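# Architecture and fold: a report
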Amino acid sequence: MTVPMASSVKEGENGHELKFQLVDKSLKKCQFQQDALIEVLHSAQEAFGHLDEEILDYVSLQLKLPPSWVYGVATFYNFFTLDPQGEHVCVVCLGTACYVKGAGEIIARLEEALEVEAGSTTADGSLTLMTARCLGNCSLAPMLTLDAEVLGKQTLESTIAAIEAKRALVAAAAEEEL
Amino acid sequence: MNLTALTELAEQELQRQQDLKLRLFLCYSTPCISAGAEAVKVALEELIKEQDLAAQLEVVATGCMGPCSRGPLLRIVVAGEERTYEKVTPEQACEILLHGLAGNPIETGALPADIPFFARQTKIVLGNNGWIDPGKIEHSIARDGYAALAYVLHEMSPEEVCNEIKKSGLRGRGGGGYPAGVKWNLVRKSPAERKYVVANGDEGDPGAYMDRTIMESDPHRVLEGMAIAGYAVGAEQGYIYVRGEYPLAAARLTKAIRDAERCGLLGSRVLDSSFNFRIDLRVGAGAFVCGEETALMTSIMGRRGQPVPRPPYPAQSGLWGYPTLINNVESFANVAPILHRGADWFAGFGTEKSKGTKVFALCGEVVNSGLIEVPMGISLRDIVFEIGGGLPDGGQFKAAQTGGPSGGCIPAEYLDTPVDYESLKELGSIMGSGGLIVMNETSCMPDVAKFFMEFCMDESCGKCVPCRVGTVEMYELLKRITDGSAMLGDLETLEELCGLVQETSLCGLGMTAPNPVLNTLKYYRAEYLAHIEENCCPAGVCQLDQVPLLKLPEHAAELAIFKEEN
């Protein structure tokens, strides 16, 4: 059985279709090899920001793998997320060096201030708070990344200030659109 | 490209570098960028454009120089004398450039040339770090990059290469310490139509970033080591498995592979010989257990990264059932220097059983945190107090943690222990991949043990029962100790459980997960007892606001209130 490619069957929003085309590109690049599942999931997550059921099903059809297999791989690795992410992602490093220097306290206070648990997104969808096991920047401990930016030698105050600045940007952009 | 072309290219590049009046080396690794290296680079470039200096000098954006806590770092060489400036601002950088060009470099902000941080190090693996732009293959070639590969391909047989590695005494730098030469020979002798070489760059230990720095600062060194390994064992395909958390390393390796292929240093007919070798990059997706070799291989094959029982060892049956040589990135980075300068030269460093050098990520409560490379056998005291400059703010040394969640804490009385595989093992810790975290008296040992146990609990892949269930139970016990609800019996249960998990787990993760607990129990038992018997945390970290279940009758009054409320 040949499975039609997304680009020919998917209707609806243009952006959605474009994202599937990115997945198709990566599928073609790896010649639909089943062993390349992780690479395909990487590119799918890059395109969509997360992996929902529709995407996982699509990948399993294209690679001719059982959906349970694809789901199993997607949930095994911490990097893949099945829930949509917030506009901004804050990753607090909880490696040993950061922990010794007080990252545990920072994450606890952030959870309190943002009213969100680590690993989930704020109610307004503006920020996802995550933790990491070590981002390999131990000399900057305690450190965190806000989107792609690395912020080193953080204190409780500086972290909250940085996050508020980001969220203010979102709010300003939203207002401008209105 | 052939051997002559390679030498020519190296000479050409060296000549170009010598013709320049001044070369500035700006550390452009993550810590320095976050400290402001980008602004420094922009300022320097603007100045060069403004005064039209491009023909006389160049700014090289290098990989990590080491003393990360002092960034941004800028290094210049004037009249054969090198100067490294710390905490450089854009204005200072322009001044350094102008004075350097005039031949009278400024002294303010320069690190003294003889500070122990540099003087006590021996750089083999990190030899090129801070001297080359990792994105430019010609920089690497000018510093003897791929020369060892060229020599090996034309002058040595695979057997000779394996024996040379064996003779050098190089041991696996990922933590296991298995003799690399023996492993290479095993793979070489395994009969198979296809073989693979895998570089393990899944550096999951918290507090360790040696492999990241090597891959980011000198990617060609790793590729060359892998190609030599491929020739030695008879493989034509290699994989580098990089952690998903290291996007910069992945990007630099991708570029390095492409550049090397374009120059004919990788791909088919490498350096005009009959040897073909391709390297592909695999990016991990955030699973600590994938650092274990069998789990890593299942992950390369696109599956859940769960380990499989050994034997068969990867050397007999690895990727897709074919013999596979799997070594750590740092081990591969040692290969080219060994073959370039000889096994005897390499064996001249280190101790009798541990040869060469080891890269450590020195961090935590220490003045000079950063990346260091020291000969094996150096004492812990020299690392922490000489190179590291001691603890900041007059802090008291309490422990040095090595080996991440598989290692342990070394107390102050063993500070003079030489750092090598055997000595650290005797102390109940391990060399590990090279994370070295210094702790002061504000760190609570049961809390640290709990921290690592939580890590192992989260990262356990769930395949074997001892690890899946054992880590959760051990974590619960440690949690009870640190929240005040533990009884003396819990300590016994904990110790028993540690032994059980250690003996019966499937892979290294479970086998070593109890190490931090056993090790801290051995050296800091009093601290555990203080938590349980006196209900106090000597370091002042734990809250201890709970009560042991069996003691609840003593708190009957509170219990009654609790019942009423519910």
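Note that the structure is predicted; figures quoted are calculated from it, not measured.

## Observations concerning the overall build of chain B
Tallying secondary structure elements over chain B gives 23 helices and 14 strands in all. Rg of the C-alpha trace for chain B: 26 Å, near the compact-globule value of 24 Å for 566 residues, within the 12% margin. With 566 residues in all, chain B has 54% of them scored as buried. Long-range pairs, those at least 24 residues apart, make up 73% of the contacts in chain B with a sequence separation of at least 6.

## A short note on the overall build of chain A
Within chain A, the regular secondary structure consists of 8 helices and 5 strands. Listed N to C, the secondary structure of chain A is α-α-α-α-α-β-α-α-β-β-β-β-α in terms of helices and strands. When the backbone C-alpha atoms are referred to their principal axes, chain A occupies close to 60 × 45 × 25 Å. Within chain A, the fraction of its 178 residues that count as buried is 37%. Taking contacts inside chain A between residues at least 6 apart in sequence as the whole, the part at least 24 apart equals 53%.

## What about the interface of chain A and chain B?
Counting residues at the interface gives 30 residues for chain A, matched by 39 residues for chain B. Of all the secondary structure elements, the ones that give two or more residues to the side of chain A that touches chain B are helix 3 (37–48), helix 5 (67–76) and helix 6 (96–100) of chain A. If you tally residues by element for the side of chain A that touches chain B, the top one is helix 6 of chain A, at 4 residues. Of the residues in the side of chain A that touches chain B, the class split is 18 nonpolar, 10 polar and 2 charged.

## Comments concerning the pairing of strand 2 (residues 57–62) of chain B
All names here are of chain B. Sheet topology note: the strand 1 (residues 22–27)/strand 2 ladder contains 6 bridges and is parallel. By the bridge assignment for strand 2, C27 is matched with T62. Handedness of the crossover joining strand 1 and strand 2 through helix 2 (residues 30–51): right-handed.

## Topic: the sheet that holds strand 1 of chain B
All names here are of chain B. Ordered in space as 2-1-3-4-5, the 5 strands form an open sheet in which the pairing is mixed. The strands lining the two open edges of the sheet, one partner per strand, are strand 2 and strand 5 (110–111). Across 3 bridges, the pairing between strand 1 and strand 3 (residues 74–78) is antiparallel. By the bridge assignment for strand 3, F25 is matched with R75. Of the strands in this sheet, strand 1, strand 2 and strand 3 are in contact with helix 2, which crosses strand 1 at around 150°.

## Regarding the domain arrangement of chain B
Residue and element names in this part refer to chain B. For chain B, the assigned domains are domain 1 (16–113), domain 2 (144–347), domain 3 (357–440) and domain 4 (445–533). Placing the centre of domain 1 and that of domain 3 at their C-alpha centroids yields a distance of 31 Å. Counting residues at the interface gives 5 residues for domain 1 and 5 residues for domain 3. Here the residues of the side of domain 1 that touches domain 3 are counted per class, giving 3 nonpolar, 2 polar and no charged.

## Side note on the domain arrangement of chain A
Examined at the domain level, chain A breaks down into domain 1 (6–76) and domain 2 (88–177). On a C-alpha basis, the centroid separation for the pair domain 1 of chain A and domain 2 of chain A is 29 Å.

## Considering helix 3 of chain A
All names here are of chain A. Over its 12 residues, helix 3 extends 16 Å from the first C-alpha to the last, a length consistent with the 16 Å expected when each residue adds 1.5 Å. Listed in full, the buried residues belonging to helix 3 are L37, I38, V40, L41, S43 and A44. Trailing helix 3 by a residue or two, G49 shows a phi angle of about 90°, which is positive.

## Topic: the nonpolar core
In terms of nonpolar packing, the biggest core is built from 214 residues, with V198 and I228 of chain B touching the most fellow members. With residues up to four places along the chain from it excluded, the contact list for I228 of chain B reads A148, L149, V152, V161, V335, A336 and L339 of chain B.

## Comments concerning the sheet that holds strand 6 (residues 196–201) of chain B
Residue and element names in this part refer to chain B. Taken in spatial order, the 4 strands line up as 8-7-6-9 in an open sheet, and their pairing is parallel. Every interior strand has two partners, whereas the edge strands, strand 8 (278–283) and strand 9 (324–328), have only one. Adjacent strand axes in the sheet meet at a mean angle of 20°, parallel and antiparallel pairs treated alike. Taken together, the 6 bridges between strand 7 (residues 237–242) and strand 8 define a ladder with parallel strand orientation. When the bridges of strand 8 are listed, Y241 appears paired with R282. Along the sheet, helix 12 (residues 293–300) contacts strand 6, strand 7, strand 8 and strand 9; its crossing angle with strand 6, the most-contacted strand, is approximately 110°.

## Some points on unusual backbone geometry
All names here are of chain B. A cis amide bond links G71 with the next residue in sequence, P72, at an omega value of -5°. Look at the link from P311 to P312: it is a cis peptide, with omega at 5°. On the secondary structure map, P312 appears in the loop between helix 12 and strand 9.

## Describing the environment of A61 of chain B
All names here are of chain B. In this structure, A61 sits in strand 2. Each C-alpha atom, one on A61 and one on L26, is 5.0 Å from the other, the two residues being 35 residues apart in sequence. Apart from residues lying up to four places away in sequence, A61 is in contact with L26, Y28, K41 and D133.

## A word on the pairing of strand 3 (residues 127–132) of chain A
One face of the sheet, then the other: side chains in a regular strand alternate in exactly this way. Residue and element names in this part refer to chain A. Here 6 bridges tie strand 1 (residues 88–93) to strand 3, and the two strands are oriented parallel to one another. For V91, the partnering residue across the bridge sits in strand 3 and is M130. Pairing of strand 2 (residues 120–121) with strand 3, which is carried by 2 bridges, proceeds in the antiparallel orientation. In the strand pairing of strand 3, T121 is matched with T128. Following strand 2, the chain reverses through 5 residues before pairing antiparallel with strand 3; G125 in that reversal takes a positive phi of roughly 70°.

## What about the packing of helix 4 (residues 53–63) of chain A against helix 5 of chain A?
Residue and element names in this part refer to chain A. Look at helix 4 against helix 5: their axes get within 9 Å of each other, and the N-to-C directions meet at 125°. Relative to helix 5, the element helix 4 is oriented oblique. Here helix 4 and helix 5 pass one another in a crossing that is right-handed. Between helix 4 and helix 5, the residues in contact are L56, D57, V59 and S60 and P67, V70, Y71 and A74, respectively. Each residue belonging to the contact of helix 4 with helix 5 can be placed in one class, and the counts come to 6 nonpolar, 1 polar and 1 charged.

## Points about helix 22 (residues 525–533) of chain B
Residues and elements named next belong to chain B. Residues E527, Y528, H531 and I532 constitute the buried set of helix 22. Taken around the axis of helix 22, the buried residues stretch over an arc of 135°, which confines them to a single face. Away from the buried face of helix 22 by more than 90 degrees, exposed residues R525, A526 and E533 are located. In this structure, the buried residues of helix 22 make contact with helix 17 (445–459), helix 18 (465–483), helix 19 (488–504) and helix 21 (515–523). Immediately beyond the C-terminal end of helix 22, within one or two residues, lies N535, with a positive phi of roughly 55°.

## Structural notes on the confidence of the model for chain B
All names here are of chain B. Of all residues in chain B, 98% attain a pLDDT of 70 or more, and the chain-wide mean is 93. Averaged over each element, pLDDT in chain B is lowest for helix 23 (residues 556–565) (70) and highest for helix 10 (residues 219–233) (97). For this predicted complex, the interface score ipTM comes out at 0.87, alongside a pTM of 0.92.

About the cut-offs
Residues numbered from 1 in each chain as written. Chains lettered and ligands numbered in written order. Predicted model: local features only at pLDDT ≥ 70, side-chain atom pairs only at ≥ 80, totals over all residues. Helix = DSSP H or I, 4+ residues; strand = E, 2+ residues; numbered from the N terminus. Rg over C-alpha atoms; globule rule 2.2 N^0.38 Å. Buried ≥ 20, exposed ≤ 12 C-beta atoms within 10 Å, placed from the backbone. Contact = placed C-beta atoms within 7 Å. Nonpolar A, V, L, I, M, F, W, Y, C, P; charged D, E, K, R; others polar. Pairing = 2+ DSSP bridges. Right-handed = clockwise from strand over helix to strand, strands pointing away. Axes fitted to C-alpha atoms, helices over the stretch in contact; angles between N-to-C directions. Domains from an automatic or database assignment. Expected span 1.5 Å × (residues − 1). Core = buried A, V, L, I, M, F, W, Y, C linked by C-beta atoms within 7 Å. Parallel < 35°, antiparallel > 145°, perpendicular 65-115°, else oblique. Left-handed = near helix turned anticlockwise from the far one by under 90°. Arc of directions from axis to C-beta. pLDDT = per-residue confidence, 0-100.

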